[in-house]
Amino acid sequence: MRSQPSRLLAATLLATLTAASLHASAAAADYERVLNGTFDTGADPWWAGAGVTNRVTGGELCAAVTGGTTNPWDALIGQNGVPFETGQSYTFSFDARASVAQPITAAAGESVSPYRGIASRQFTLSTEKQRFSFTFTSTLDFPDAGNGQVAFQLGGQPADNTICVDNVSLVGGVKPPGGVNPNPARKVQVDLVAYVPGLPKRATLVSSATTPQTWTLKNSAGVAVATGQSTPKGADATSGDSVHLIDFSSFDTAGTGYTLSVGEDASFPFDISADPVKRLRYDSLAFFYHQRSGTPIEAQYVGDEYARPAGHLNVAPNQGDNNVPCRADLACGYTLDVRGGWYDAGDHGKYVVNGGIATWQLLNAYERAVRVGDASAYRDGSLNIPEKANGVPDLLDEARWEVDFLLKMQAPDGMAHHKIHDANWTALPTRPELDDQPRRLSATSTAATLNLAAVAAQASRLWKTIDPAYSASSLAAARKAYAAAKANPAKLADPNDGTGGGAYSDDTVSDEFYWAASELYATTGDAAYRTDVTGSPHYKAASLNRGGFHWGGTAPLGDITLALVPSGLPAADVSAIKSAFATVADQHLTAMAGMGYAAPYDNSTAGYVWGSNSTVLNNAQVLALAHDFTGAAKYRDGVFEALHYVLGRNPLSTSYVAGYGDQAMTNAHHRFWAHQNDPTLPIAPPGSLSGGPNSALQDPVAQRLLAGCPQQKCWVDDIGAYSVNEVAINWNSALAWVSGWAAEKSGTTTPAGGCEVSFGAGRWQDGLSAQVKITNTGTAAWTSWKLGFALPGTQRVTSGWSATWSQSGRDVTATSMSWNGRVEPGKSVQIGFNGSGSGADPTVFTINGKTCRTA
C-alpha cells in the first residue's frame, strides 16, 4: 500500500457529543456501516489520535493510551467516512477490554468542525472481554465517505493503559452502501481529448439495442459532418455495460469541438488533432519536476499555483534527508545523505524499487528515440526545468535527478536501502516543507540493489559522451551493487514494513537479476554478465506475457534493452526477443477486439489492480515496440487505443489524466495537490495520471462508494481514495513513454509550412552519405532558406555540399548559399552531406522554422 489517508484529528473532536434518542426506527435495514470491524485485514481504516498507538494483536485492535490526560476525548481511536441518515436507527456494538479497568465512551458524530454529536454512551471496561451495545436515531445526515464518524474516547485517566476492541459494528440506515460512481457518464464514450488525423477513430455506445444504431458526427457549430451505423457487441462483463462499436475513421478533417451523438445522447467534445498528444508528451514529463524533493519548485517553471519551498532539507519543521539513520531496530551504525530524488507518490516516501523502473522508463524513452526514433523532441530546452539550457537533453536532466538519489541509497557494503520515508504516516494534506516526521532508512534489499545496478549501468551508457566522469562513477556503483546482490541473493524486503511508507515487498528477484545483468552487459560487454543473461530463465523474453511488467516484475525491461542496444548477442536470440514482443502484442490485439472499451489489459486472474492504468500503458509500450520491431500498423493503432481508454473512452466517461478533457481527474490522492481538503492548495497539475480502476477496493472511500462495482467502474475522483486515485512516478513514467512515442508517430500538428523534404542515405559501417531534396510547395518565392533536422544515434555531419552545414549535438542546420537561396514556388534544391556514426533517418524537417511535409 503506497499511501494512507489522514489521521489528523482536532483535539476537541466529539467533545460536544450529546446523547441522542435511543429508540429504533422501524424502517431501518441491516446494513453494516463500519469497515474492518473484525480487524482481519489489520488496523486500517481505524485511526489513532494523539498519545495513542494502534496495533492489531490476536485479532483485536489494541490501543496503547498515554495517561495524564484531562478529558475522555483527549485520547481517541475511530473511523471516518461512516454514513448516517437523519431519522434512521443504528445499533453500535463492540467487544472491549482493558489492561486496567476504566470507563470509555463510544460515540457517533461529525469528524470535522463544528464536530456535532449524534449519540454517545459511556461503558466501564474490565480486564475481561465483554460485549457492549446501544441503539440510537441519527439526527444528522452524512453520505458514504462523508464526514460521519464513530470513535472511542479513551482519555481522562491518570496512568497509561491498553484498551482492546473487536467485532465493532454499526448496523442501520435504509440506503444500500455504495454501488454507484458519483461521476456522471455519457452513453457515447469517446476519447475526451483528441483523435489523431490519419489514424483509426472509434467510440463506444452504451445501448442494449440488438440492431445497429445511427450515429452522427457534428462539428463545433453543431453541423453534421458524417453519419453511419454502430455495430452491436452485446454484454461487456468488465464494464457491466451492453455496448456497440462506432467507427468514424473515414472522417479525417482536423478541428476542435466535435461531438458524436446517437439519438438524444451526445458525447463529450473532442478534437481531431495531433496537438494534444504532443502537449501530453511534455506535461507527463513535467510531473517529475513537480515531484522533486530537496529543491524549491519555482514559479518560473510551474506557475505560482504549484510553486513551493524545498521539502526535507532540515529546514524546520523538517527533520531532513541529509543525515538519515536506519530504522532503530536495524542498528546499521551509519547515516546517509539522501537528499534529492522524486517523492514516489502522494506521500513523502522515496523508494528504490519504484524509482528504479520509473527512471529506467524515462531513460529508455530517450535511448529508444536515439536508436530507432527521433530524440530531437527531448533536446535541451524542450522541458521547462532549471537545467533547460545546460547543453544536455532535458529528459536526461530530469532522469538524473532520480539517478543521483538512487546512487545515494547505496550502503557502504554495496547493497541499496529499500526506501526512505517518514517514521509515521503524515496527515492529508501536508506540504513537504511542513512535514515534521523523523525520516528513516529501511533495510537494504536484494531487489533494491539490483534496481540500482540496472539503472546505474543504463545511465553510464547514456552519459558516456555527455559526462564521462559521471558515466564512470555510475558504472562503478552498478558493478559494486551487482556483486553485492550476488553475495546476498535472498535479502527480501519486509512485507510488514508499511508504517509511514509502502512496504514494496517482493519475494522473487530472479527477474531483477536478469534485468541488471542485461543492462550491465549492454553497457560493458563483459563475458560474466553475458553468462548471467543467457543463463537466466527469463532469457529471450521468456517472462513476457499479457500481464506486462511492473516494479515487482522487471525481466521485460532487460529484454527491451537487449532488443534495442547492440551487444554481441546472437542475431537469432535478439530476433527471438523481438518476435516475443510481436506475439504478445498480437494477444493483446485479439483480446482488445472483443472488449467494449479496448485496453491492453489482462483481467483474467486478479481483476483490475492497484495502478491498473500503468499496466495498460506498460502493455501499450509492448505494442509500441512491436511496431518498432516489425513496422506493422496494427500495433501502432493498438497504442492509440490504449491512450483513448486512458483519456476517456472508458465506461466512466473520464480522462484519468489531469487537465485533459472536460471530465478529467482532479482530486488526486496527494499531500500538496489537495484542493479538495484545503481550498488554498492546488488540484493535480496537467499531465498527472490517476492509478485507475481497482476492483479490490483497498481504501475506505472506495469501499464505501463503490461496493459491487464492475471492474472498470471501480474508480472515484476523491482525494481519500488512495487505492484508485493516487499518482505515482512509475505510473507517470509509463504515460510519458507512451505519449512520447505516440507524439512521434503523429506527424505534423498543423498544415505543413509550404515546404516538402525528401531524405535518402546510403550507409556503411560507421558512415553515411545523404541526399536531401527541398521543395517550395507554397505560393511565394523564398529569397533564402534554412533547413533544420535532428540526426538520431551517433551520426555526425563531416562534410556537405550546396549549403553551409553545422551541427550542435544532434541538431543539424543547412543554410542556403548565395546562388541557391531563391526558390520559386514548385521548384526544388538538391543538397547533401557525408557523415560518420550510425542511426536512423531523421523524421522531422523544418524550413525557416516551419515544419515541412516529408516525401
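Values in this document were obtained by computation on a predicted structure and should not be read as measured data.

1. Details of unusual backbone geometry
Consideration 1: With an omega dihedral of 15°, the bond running from Ser113 to Pro114 counts as a cis peptide bond.
Consideration 2: Checked against the element boundaries, Pro114 lands in the loop between strand E6 (102–110) and strand E7 (117–125).
Consideration 3: For the bond from Leu428 to Pro429, the omega torsion is 5°, close enough to zero to count as cis.
Consideration 4: Inspection of the secondary structure puts Pro429 in the loop between strand E25 (419–422) and strand E26 (439–441).
Consideration 5: Of note, Ala145 is a non-glycine position whose phi angle comes to about 60°, a positive value.
Consideration 6: You can see Ala145 is positioned in the loop between strand E8 (130–137) and strand E9 (148–153).
Consideration 7: Residue Asp766 is not a glycine yet carries a positive backbone phi of 60°.

2. Digging into the pattern of salt bridges
Oppositely charged side chains can form a pair if their charged atoms are brought close together.
Consideration 1: Within the structure shown, the criterion is met by 38 salt bridges.
Consideration 2: The shortest N-O distance in the salt bridge between Asp252 and Lys201 comes to 2.6 Å. Taken together, the positions of Asp252 in the loop between strand E17 (241–247) and strand E18 (255–262) and Lys201 in the loop between strand E12 (194–195) and strand E13 (202–206) put the pair 51 residues apart, joining distant regions of the chain.
Consideration 3: Judged by relative accessible area, which is 0%, Lys201 ranks as buried.
Consideration 4: Residue Asp422 pairs with Arg439 through a salt bridge whose shortest N-O separation is 3.0 Å. In this pair, Asp422 is assigned in strand E25 and Arg439 in strand E26, connecting sequence segments 17 residues apart.
Consideration 5: When its relative accessible area of 3% is taken as the criterion, Asp422 is described as buried.

3. Here we look at the state of the cysteines
Consideration 1: Under the definition given, this model contains four disulfides.
Consideration 2: In the protein, numbering the disulfide-bonded cysteines from first to last in sequence yields the connectivity 1-2, 3-4, 5-6, 7-8.

4. Overview of the packing of helix H7 (residues 510–524) against helix H8 (residues 527–534)
Consideration 1: Direction vectors running N to C along H7 and H8 enclose 140°, while the axes themselves pass 8 Å from each other. As summarised for this structure, H7 and H8 are arranged oblique, according to the angle between their axes. Regarding H7 and H8, the two cross each other, and that crossing is left-handed. Along the contact surface, H7 presents Tyr514, Ala517, Ser518, Leu520, Tyr521 and Thr524, while H8 presents Tyr529, Arg530, Asp532 and Val533.
Consideration 2: Among the residues forming the contact of H7 with H8, the class breakdown is six nonpolar, two polar and two charged.

5. Here we look at the pairing of strand E16 (residues 231–236)
Consideration 1: Sheet analysis places E16 next to E17, joined by five bridges and oriented antiparallel. The residue bridging Asp236 from the neighbouring strand is Asp241, located in E17.

6. Overview of the sheet that holds E9
Consideration 1: Pairing in this open sheet of five strands is antiparallel, and the strands run E1-E4-E9-E6-E7 from one edge to the other. Of all the strands in the sheet, just strand E1 (47–48) and E7 have a single pairing partner and so form its edges.

7. Brief notes about the sheet that holds strand E3 (residues 60–65)
Consideration 1: Spatial ordering of the open sheet is given by E2-E3-E10-E5-E8, a layout of five strands whose pairing is antiparallel. Each end of this open sheet is capped by a strand with a single partner; those strands are strand E2 (52–57) and E8. Direction aside, neighbouring strands of the sheet carry axes that sit 30° apart on average.
Consideration 2: The sheet contact formed by strand E5 (residues 89–98) and E8 spans eight bridges and is antiparallel. Paired with Phe92 across the bridge in E8 is Phe134.

8. A look at the pairing of E18
Consideration 1: The pairing of strand E14 (residues 214–218) with E18 spans three bridges and is classified as antiparallel. By the bridge assignment, Lys218 is partnered in E18 with Thr259.
Consideration 2: Across two bridges, E18 lies against strand E20 (residues 270–272) in antiparallel orientation. Along E20, the bridge assignment pairs Gly255 with Ile272.
Consideration 3: Connecting E18 to the next strand, strand E19 (residues 265–266), in antiparallel fashion are two residues, including Gly263 with a positive phi near 60°.

9. Regarding the nonpolar core
Consideration 1: Residues Leu363 and Tyr482 are the most contacted members of the largest nonpolar core, which totals 162 residues.
Consideration 2: With residues near it in sequence (within four places) discarded, Leu363 still touches Leu396, Ala399, Val403, Val455, Gln458, Ala459, Leu462 and Trp463.
Consideration 3: Among the nonpolar cores identified, the runner-up in size contains 36 residues, and Val34, Phe94, Ile104 and Phe132 belong to it.

10. Overview of the packing of aromatic side chains
Consideration 1: Evaluation of the coordinates by the stated rule reveals 40 aromatic pairs.
Consideration 2: Each member of the aromatic cluster is reached from another via a ring pair, and the members are Phe84, Tyr90, Phe92, Phe94, Phe123, Phe132, Phe134, Phe136 and Phe152.
Consideration 3: Here Arg292 stacks its cationic end above the ring of Trp401, 4.6 Å away from the centre of that ring.
Consideration 4: Geometry around Tyr470 places Arg400 over its ring, the cationic atom sitting 3.5 Å from the centre.

11. Focus on the confidence of the model for the protein
Consideration 1: In the predicted model, the protein carries a mean pLDDT of 92, and 95% of its residues have values of at least 70.
Consideration 2: Note that residues 1–28 has pLDDT below 50 and, in this model, 106 contacts with residues that lie over four places away or in other chains.
Consideration 3: Across residues 748–752, where pLDDT falls below 50, the model places eleven contacts with residues more than four positions away in sequence or in other chains.

12. Quick notes on the side chain of Asn730
Consideration 1: Along the polypeptide, Asn730 turns up in helix H15 (residues 729–744).
Consideration 2: Side chain to side chain, Asn730 and Asn354 meet in a polar contact 2.8 Å long.

13. Here's the deal with the side chain of Asn318
Consideration 1: Take Asn318: it is sitting in the loop between helix H2 (299–302) and strand E21 (324–325).
Consideration 2: Of the polar contacts made by the side chain of Asn318, one reaches the backbone oxygen of Asp435; its length is 2.6 Å.
Consideration 3: Excluding residues within four positions of it along the chain, Asn318 makes contact with Ala310, Gly311, His312, Leu313, Pro432, Glu433, Leu434 and Asp435.

14. Regarding the environment of Gly821
Consideration 1: Its location among the elements puts Gly821 in the loop between strand E33 (811–815) and strand E34 (828–836).
Consideration 2: With 18 residues separating them in the primary sequence, Gly821 and Ala803 have C-alpha atoms 9.3 Å apart.
Consideration 3: In this view, Gly821 contacts Trp782, Thr783, Ser784, Trp785 and Ser816; residues no more than four positions away in its chain are not counted.

Rules of the game
- Residues numbered from 1 in each chain as written.
- Predicted model: local features only at pLDDT ≥ 70, side-chain atom pairs only at ≥ 80, totals over all residues.
- Heavy atoms only, no water.
- Helix = DSSP H or I, 4+ residues; strand = E, 2+ residues; numbered from the N terminus.
- Salt bridge = Lys/Arg side-chain N within 4 Å of Asp/Glu carboxyl O.
- Buried < 20%, exposed > 50% of the residue type's maximum accessible area, 1.4 Å probe, protein only.
- Disulfide = S-S within 2.5 Å.
- Axes fitted to C-alpha atoms, helices over the stretch in contact; angles between N-to-C directions.
- Parallel < 35°, antiparallel > 145°, perpendicular 65-115°, else oblique.
- Left-handed = near helix turned anticlockwise from the far one by under 90°.
- Contact = heavy atoms within 4.5 Å.
- Nonpolar A, V, L, I, M, F, W, Y, C, P; charged D, E, K, R; others polar.
- Pairing = 2+ DSSP bridges.
- Core = buried A, V, L, I, M, F, W, Y, C linked by side-chain atoms within 4.5 Å.
- Phe/Tyr/Trp six-rings, centres within 6.5 Å; stacked < 30°, edge-to-face > 60°.
- Lys NZ or Arg CZ within 6 Å of the ring centre and 35° of its normal.
- pLDDT = per-residue confidence, 0-100.
- Polar contact = N/O pair within 3.5 Å; in protein donor to acceptor, adjacent residues only side chain to side chain.

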